Structure formats: structure tokens, C-alpha cells
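Structural features, examined
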Amino acid sequence: MRRLIIAIDGPVGSGKSTVARRVAELLGSTYLDSGAMYRALAWKALQRSVPLDDPPRLEALAADTRIDLEAGRDGLHVRLDGRDVTSAIRTPEVSEGASRVAVVPGVRRLMVAEQQRAGRRGGVVMEGRDIGTVVFPRADLKIYLDASVEVRAERRLRELQGRGESISLEQMQEDVRERDRRDKSREASPLIRAPDAVLVDNSAMDVEETARLLALLARQKKGDRGQVAGGRKSSHRKTVLQRKQLRRGPTAKRKNRKPKSRGRRRK
Ligand code: DC
């Protein structure tokens, strides 16, 4: 059976990463975190003191950077020019930087090309902001994951606290709103829900519930696609039959009836 491309988009704190990772696990697919690529580039820019408001330099930096997403036993590893930066790119400073490098159209072009290369064979669950709209506009299943600002800020807060960082809930809500604003209002590939994306609001759902729902939708799609694939064949066959019938037209039916009546008459 064909291997699906599943696109999960949504704002910060919607649980995309955890949910996408779990969906990939449930489906036996590869999990790809597109945001990690913007984060890795931001990390490199910060290391090299490349100003985050200098698009030509950021684009040149992106062109001179190799970012690999590798599925390891303990999760996805992010390699930047061969160096493992998996944990280094998860700081608030890098989060802020990533959302700034992500507004640069030239940077996005390079990242999108890499993401398309990584997922083109299917069997992937890719999450980000523009996966269903730009990276894979023909993805088999598109999900737009969302939750209220309050819930998303709380989730982010817990995540940071888990890493020993402290920030107030009010500050976090402010950060979430600011990142939403930047992600949704940028000119290049703003965060928007693709018209054919399924909206899933998981404010009142945990990761496992959300992931199982998405896996169910994916399996349904896979079933549909199976039928469509077979359907394509059978509809093709139907078309051929229909064409034959059309060619023979009503006369064919008459011809079929004639021998019967002739037989009866002979009796
Ligand atoms: O999902 P995340 O927080 O790791 O993403 C980091 C930043 O990268 C975030 O500000 C949005 C941006 N991003 C994007 O613009 N397009 C994507 N496909 C993924 C992330």
C-alpha cells in the first residue's frame, strides 16, 4: 500500500511535536520536525553573531549550512553541519531567533526544498507551520492542530520548567501571543489553515487522545486511498467498459435479446 504523507500544522504549544511523534510511532512512519531546521539555522546565526534582521546574510548562511534530521532510537536528532544540536536548539533564545529567521523568504525557500526532499517518498509525519499549504500541498492528510492561548502557554511553561528554566505564566502567554502574531502575519508562508485541513482543537485532549484520533484519520485515508487506488483501476476499467458499451450502444442490447427470442420462436 502507498505510504502516506501526513502534514500537521499549528501554532506554538498546540502539541504538534509530541503528537506528530506519537502518530508516526502508531503508524510506523518517520517523524520530521520542520521547525527544528529553522531552529538550527537560528542557533548558527546566534553563534556567529549574524544579525537576525539581515535577510541577505541569513539567506547566505542558510545556503552554506547543512541540516539533517535523523531518526535515532531516542527520537529525532538534528545535525547542523555534522554537529548534533538536538538539545542546543531548544532554548527560549533559539525559539525567538527561529521565528525571526523563518520570516526571510530566501531562508524559507531553501528549507522547504530540503523538507520536500526529506518527505517525498512518503511514510512521513511532518509538522510545522506551512507543511499542508506550501511544503506538501498535496499531502494525503492535513491536520491543523490548535488549542486556546491559555492552554498552549501552560504547556510551553511546563516544557521549559522540565528543562529547569523559569518564566511566569503571564510572560509565557505574552510570548505565545507574540509568536502567533509573527507566524500568522509574516508575508512568506504565514501560518494559515489549509482549506482541506482537518481542524483539531485539543485544548481538552491529551497527547495520546489527539494522536490516536489523528492515527485513526490516517488509517481511514489509507483505506480510502487503497480504494481510490483500486478505484482508479476499476474506474478505468469501467470507463473502458462504458466506452465499449457506448460504441455498441443500445443495438448491442437488442442483439443480445434477439437470439433469445429467436430461440424461443424456434421452439
Ligand atoms: O515548531 P517550532 O517552535 O520548533 O518552530 C520554530 C520556529 O520556526 C517558529 O517560530 C515557527 C517557525 N517555523 C516555520 O515558520 N515553518 C515551519 N514549517 C516550522 C517552523
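Shown above is the structure to which this text applies.
In this report, the structure presented in the accompanying data block is examined. (Residues numbered from 1 in each chain as written. Predicted model: local features only at pLDDT ≥ 70, side-chain atom pairs only at ≥ 80, totals over all residues. Heavy atoms only, no water.)

With that settled, the discussion passes to helix α1 (residues 16-27). Here α1 is 12 residues long and its end C-alpha atoms lie 16 Å apart, about the 16 Å a rise of 1.5 Å per residue gives. For α1, the complete set of buried residues consists of Lys16, Val19, Ala20, Val23 and Ala24. Projected down its long axis, α1 shows its buried positions confined to an angular sector of 135°, all on one face. (Helix = DSSP H or I, 4+ residues; strand = E, 2+ residues; numbered from the N terminus. Expected span 1.5 Å × (residues − 1). Buried < 20%, exposed > 50% of the residue type's maximum accessible area, 1.4 Å probe, protein only. Arc of directions from axis to C-beta.)

Turning to the site of the ligand, a few remarks are in order. Inspection of the region around the ligand gives 17 residues, with Arg39, Ser99, Arg108, Arg129 and Asp130 positioned closest. The separation between an oxygen atom of the ligand and a polar side-chain atom of Arg39 is 2.7 Å. In the model, an oxygen atom of the ligand is placed 2.9 Å from a nitrogen or oxygen of the Arg186 side chain. About the coverage of the ligand: the protein hides 97% of its 450 Å² of free accessible area. Contributing elements (two or more residues each) for the shell around the ligand: α2 (35-47), α4 (92-101) and α8 (169-185). Take the shell around the ligand: its biggest share by element is three residues, from α2. Class assignment for the residues of the shell around the ligand results in four nonpolar, four polar and nine charged. (Near = heavy atom within 4 Å. Polar contact = N/O pair within 3.5 Å; in protein donor to acceptor, adjacent residues only side chain to side chain. Areas by Shrake-Rupley, 256 points an atom, 1.4 Å probe, with all protein chains shown as cover. Nonpolar A, V, L, I, M, F, W, Y, C, P; charged D, E, K, R; others polar.)

Time to look at the packing of helix α7 (residues 149-162) against α8. With their axes 9 Å apart at the nearest point, α7 and α8 run at an angle of 115° to one another. It follows that α7 is roughly perpendicular to α8 by the angle criterion. In the crossing of α7 with α8, the sense of the turn from one axis to the other is right-handed. Contacts between α7 and α8 involve Val149, Glu150, Arg152, Ala153, Glu154, Arg156, Leu157 and Leu160 from the first element and Leu169, Met172, Gln173, Val176, Arg177, Arg179 and Asp180 from the second. (Axes fitted to C-alpha atoms, helices over the stretch in contact; angles between N-to-C directions. Parallel < 35°, antiparallel > 145°, perpendicular 65-115°, else oblique. Left-handed = near helix turned anticlockwise from the far one by under 90°. Contact = heavy atoms within 4.5 Å.)

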